[in-house]
Amino acid sequence: MNLQERDKKHLWHPLKQHQLNPESLAIVKAKGCILTDENGNEYIDAIASWYTCMYGHCNDYIIEATHKQMQQLDQVMFSDFTHEPAIKLSEELIKILPENQNKIYFNDNGSTAVESGIKMALQYYFNKEDKRSTFIAFENGFHGDTFGAMSVSGLSVYNGPFEDFLIDVKRIPTPNGSNIDIIIKQLEGYISNHNVAGFIYEPLIQGAAGMKIHDADGLNTIIKYCKNNNILTIADEVMTGFGKTGKHFASDYIDTKPDIICLSKALTAGLIPMAITSCTQDIFNAFLSNDMAKGFFHCHTYSANPVACAAAIAGIELLTSEEIQNNIKNIAKTHNAFLKRIKNHPKIKSTRHLGVILAIDLDTKMERYGSLRDKLLKFFMDRGVFLRPLGNTIYIQVPYVISDIELRQVYQVIEDVLEII
Ligand SMILES: *Cc1c(COP(=O)(O)O)cnc(C)c1O
């Protein structure tokens, strides 16, 4: 039996209806931008395995750093102990994060980074004897699959069965350059009628919604309004963090900085799961007390795993290197030229790009998990490119180390698919 057959016996995959779609492709190797399946077929990983492996798969520099770390200190509790990898990572992160961030809190994945952010905001007010219960979030946002993260997410395909168990969330549309007055009016209403603890948002780009880009000035106005009204702001940079938008963080495009930032995905360069919730000194201070119960009692067993910290430190070294920064600029430029060339194609409804992220909305009607989307995916895979369309949106988020030839092949399969849909 090959891997694909053996898989079906005991495994249950995420985001999958096994009755309709029982097959999972077995990948046996990944290097740079190339995934190799069990039959020896190769695919360009044009979405960096969900935006994680931004410096390429099995990156030698990351491997070397983690290999060294795992021979020195593999794992130790972070509740009573500390260690250099965590300390160094906090120092390196604070150097590149927006200037108001000062404390680093560890989590295991993007959802729990968001969960911590939500709990920090709730307990911040609880500790100040100003109990609050409501959050504000964008329509169509995605923040993860644990209960708090699911509550603030807007995609019903994930949340439907759990609706009755979610925390109270009021939604606003994303700013589009002309609706900011309406949004502020809506915020005014929510704030006067509810005890709002925080506003959570994916800054500039809503990933799962289909790489939807919104207006930076409008977002700045919303964040400022929240701050002026004593509402904490939480930037979910799990997808946008670490260079994807062309700057280290999407929040770097926005003047008013968030109180809390959630990070994961590219944080560890795709090698090991880990996440971070960073915050301002003011938030941290609200948990300082002679009363034990005012501390933040949220903990994951593998908090600050030293090997994951080593991967993250090496990742930041790569991110801030001249080579990677140049690559990011070049990919952005190449994306721009590609879109200029194809954007008037009759099958294309709209296009957008920022940094290494590029998205094309096709001019077709289809469901998020409809059959055309599956046909597109198969078309790309048959031609050696792994692209994972979201509804009628094809998007690219390539590793920073992609070669010109590989990038051209990614563009080519997209141009080819336009001719057959
Ligand atoms: C992926 C993602 C999450 C969830 O992260 P997981 O590691 O999958 O739990 C949260 N927020 C955003 C913006 C994401 O893209």
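None of the values given here were measured: they were computed from a predicted structure.

**Student:** Pulling in residues and values, what's your account of the environment of Cys 279?
**Tutor:** Mapped onto the fold, Cys 279 is located in strand β12 (residues 275-279). It is 43 Å that separates the C-alpha atoms of Cys 279 and Lys 375, two residues lying 96 residues apart in sequence.

**Student:** Lay out the domain arrangement of the chain in plain terms, naming residues and giving numbers.
**Tutor:** As assigned here, the chain comprises domain 1 (3-58 + 325-418) and domain 2 (73-320). Here the C-alpha centre of domain 2 lies 27 Å away from the C-alpha centre of domain 1. In this assembly, 23 residues from domain 1 lie in contact with 27 residues from domain 2. Taking both sides of the interface into account, the surface hidden between domain 1 and domain 2 amounts to around 2100 Å²; carbon and sulfur atoms contribute 66%. For the domain 1 face of the interface with domain 2, the top three residues by lost area are Tyr 51, Tyr 55 and Leu 354, together amounting to 30%. For the interface between domain 1 and domain 2, the tally reads zero salt bridges. Taken together, the links from domain 1 to domain 2 amount to 10 residue pairs in polar contact (both at pLDDT 80 or more). Listing elements by their share of the side of domain 1 that touches domain 2, those giving two or more residues are α2 (48-51), α12 (322-342), β13 (348-354), β14 (357-362) and β16 (393-397). Here the side of domain 1 that touches domain 2 is composed, by residue class, of 15 nonpolar, six polar and two charged.

**Student:** If you had to explain the environment of Thr 277 to someone new, which residues and values would you point to?
**Tutor:** Following the sequence through the fold, Thr 277 ends up in strand β12. By relative accessible area, which is 0% here, Thr 277 ends up buried. Residues Thr 277 and Ala 216, 61 residues apart in the sequence, show an inter-C-alpha distance of 22 Å. When neighbours within four sequence positions are excluded, Thr 277 is seen to be in contact with Lys 103, Ile 104, Tyr 105, Asn 107, Ala 113, Ser 116, Gly 117, Met 120, Ile 260 and Ile 261. Here the side chain of Thr 277 touches Asn 107 through a polar contact of 2.8 Å, side chain to side chain.

**Student:** Go over the pairing of strand β7 (residues 196-201) with me, naming the residues and quoting the values.
**Tutor:** Of all six residues in β7, six are buried; the element is thus mostly enclosed. Bridging between strand β5 (residues 134-138) and β7 involves four bridges; their strand directions are parallel. Paired with Phe 135 across the strands is Gly 198, a residue of β7.

**Student:** Describe the site of the ligand, with residues and values.
**Tutor:** Neighbouring the ligand are Asn 109, Gly 110, Ser 111, Phe 142, His 143, Gly 144, Glu 202, Asp 236, Val 238, Met 239 and Lys 265. The side chain of Ser 111 places a nitrogen or oxygen atom 2.6 Å from an oxygen atom of the ligand. One nitrogen or oxygen atom from the side chain of Asp 236 is found 2.7 Å from a nitrogen atom belonging to the ligand. Contact with the protein chains hides 81% of the accessible area of the ligand, taken as 380 Å² for the molecule alone.

What counts, and where the lines are drawn
Residues numbered from 1 in each chain as written. Predicted model: local features only at pLDDT ≥ 70, side-chain atom pairs only at ≥ 80, totals over all residues. Heavy atoms only, no water. Helix = DSSP H or I, 4+ residues; strand = E, 2+ residues; numbered from the N terminus. Domains from an automatic or database assignment. Contact = heavy atoms within 4.5 Å. Buried area = accessible area lost by both parts, 1.4 Å probe. Salt bridge = Lys/Arg side-chain N within 4 Å of Asp/Glu carboxyl O. Polar contact = N/O pair within 3.5 Å; in protein donor to acceptor, adjacent residues only side chain to side chain. Nonpolar A, V, L, I, M, F, W, Y, C, P; charged D, E, K, R; others polar. Buried < 20%, exposed > 50% of the residue type's maximum accessible area, 1.4 Å probe, protein only. Pairing = 2+ DSSP bridges. Near = heavy atom within 4 Å. Areas by Shrake-Rupley, 256 points an atom, 1.4 Å probe, with all protein chains shown as cover.

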